[in-house]
Amino acid sequence: MKLLFISDIHGSLYYLNKILEICQEENPNYIVVLGDELYHGARNPLPKEYNPKVVTELLNSYKDKIIAVRGNCDSEVDQMVLEYPMLSDYSIILYNGKRLFLTHGHIYNSNNLPNLSNGDVLIYGHTHVPLAEKHNDIFILNPGSITFPKENTPNSYGVLENQMFKIKTLDGDIYKEIELR
């Protein structure tokens, strides 16, 4: 199974279109959206081609392939227009004998770990900074942000396939990677 991870779209039609083009090439089984889908948030400027209405329509066209969690900028109003569930603070996927704990990162993150077993994986967004590390037998991953990268990092997304988690730039270059073994 191949999973593609994105976080922090923040209503940018420009960057969502870029990632959807990438999805055509990557051909994942599922797209995991780690929150902050439609609203740019009070701390961020308006993103390039800010258009939450069209972003909603595009995301809904992939509703059968999306697994999503709520970000700190997401609300019940967003859930009213999105045709897939996204109000949960976390979701769990079983992947090759590992538990993937999916969350946005404003509640659970590397500084506030959920209850995980050795070998499990925490995957979150929120910081807009790509991360691929292993701490005390727990993998901690962050695909970064497709719209608002921070700390001089590139616009990025993540791909999990064959036990390899790769963080890639929107140009397809591998920025970071880690083997989940």
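Please refer to the structure higher up on the page.
Residues numbered from 1 in each chain as written. Predicted model: local features only at pLDDT ≥ 70, side-chain atom pairs only at ≥ 80, totals over all residues. Heavy atoms only, no water.

> Explain the sheet that holds strand 7 (residues 131-135) residue by residue, including any values.
Spatially, 4-5-6-8-7 is the arrangement adopted by the 5 strands of the open sheet, whose pairing is mixed. A single partner strand is all that each edge strand has here, and the edge strands are strand 4 (90-95) and strand 7. Strand after strand, the sheet turns through a mean of 20 degrees between neighbouring axes, direction not considered. Sheet topology places strand 6 (residues 121-124) next to strand 8 (residues 138-142); 3 bridges connect them, and they run parallel. Bridge pairing in strand 8 places isoleucine 123 opposite leucine 141. (Pairing = 2+ DSSP bridges. Helix = DSSP H or I, 4+ residues; strand = E, 2+ residues; numbered from the N terminus. Axes fitted to C-alpha atoms, helices over the stretch in contact; angles between N-to-C directions.)

> I'd like to hear about the side chain of aspartate 8, residue by residue, with values.
Its location among the elements puts aspartate 8 in the loop between strand 1 (3-6) and helix 1 (13-26). Summary of buried charges: aspartate 8 has no salt-bridge partner, and the nearest side chain of opposite charge, lysine 150, is 7.6 Å away. (Buried < 20%, exposed > 50% of the residue type's maximum accessible area, 1.4 Å probe, protein only. Lys, Arg positive; Asp, Glu negative; His and termini not counted. Salt bridge = Lys/Arg side-chain N within 4 Å of Asp/Glu carboxyl O.)

> Can you break down empty space enclosed by the protein residue by residue, with the values?
Within the structure shown, the criterion is met by 1 cavity of 30 Å³ or more. Taken as a whole, the largest cavity spans an internal volume of roughly 30 Å³. The wall of the largest cavity is formed by Ile6, Leu16, Leu20, Ile31, Leu58, Leu59, Tyr62 and Ile66. Among the secondary structure elements, those contributing two or more residues to the lining of the largest cavity are helix 1 and helix 2 (52-60). (1 Å grid on protein atoms, 1.4 Å probe; cavity = no way out; pocket = protein on both sides within 12 Å on 5 of 7 lines; lining within 4 Å. Points joined across faces, edges and corners; volume = space filled by probe spheres on them.)

> Go over the pattern of salt bridges with me, naming the residues and quoting the values.
Under the definition given, this model contains 8 salt bridges. Between glutamate 161 and lysine 2 there is a salt bridge; the shortest N-O distance is 3.9 Å. You can see glutamate 161 sitting in strand 9 (residues 156-161) and its partner lysine 2 sitting in the segment before strand 1, a full 159 residues away along the chain. Classification of lysine 2 as buried rests on a relative accessible area of 12%. Residue arginine 99 is joined to aspartate 120 by a salt bridge in which the shortest nitrogen-to-oxygen separation is 2.8 Å. Of this pair, arginine 99 sits in strand 5 (residues 98-103) while aspartate 120 sits in the loop between strand 5 and strand 6, and the two are 21 residues apart along the sequence. Classification of arginine 99 by relative accessible area gives partly exposed; the value is 24%. On the accessibility criterion, aspartate 120 (6% relative accessible area) is buried. Here the salt bridges do not stand alone but share partners, grouping Lys2, Glu26, Glu161 and Lys168 into one network.

> An account of the sheet that holds strand 11 (residues 174-179) is requested, with residue identities and associated values reported.
Strand order in this open sheet of 6 strands is 3-2-1-9-10-11, and the pairing throughout is mixed. Each of the sheet's edge strands pairs with one partner strand only, and the pair in question is strand 3 (66-68) and strand 11. Along the sheet, successive strands turn relative to each other by an average axial angle of 20 degrees, direction set aside. Against the sheet, helix 1 makes contact with strand 1, strand 2 (30-33), strand 9 and strand 10 (164-169), and its axis sits at roughly 165 degrees relative to strand 1, the strand it touches most. (Contact = heavy atoms within 4.5 Å.)

> Got a sec to walk through the nonpolar core? Specific residues and values, please.
Membership of the largest hydrophobic core comes to 25 residues, with the highest contact counts inside it found for Leu4, Ile6, Ile19, Leu59 and Tyr157. For this core, the secondary-structure elements that each account for two or more residues are strand 1, helix 1, strand 2, helix 2, strand 3 and strand 9. A per-element tally of this core places helix 1 first, with 7 residues. (Core = buried A, V, L, I, M, F, W, Y, C linked by side-chain atoms within 4.5 Å.)

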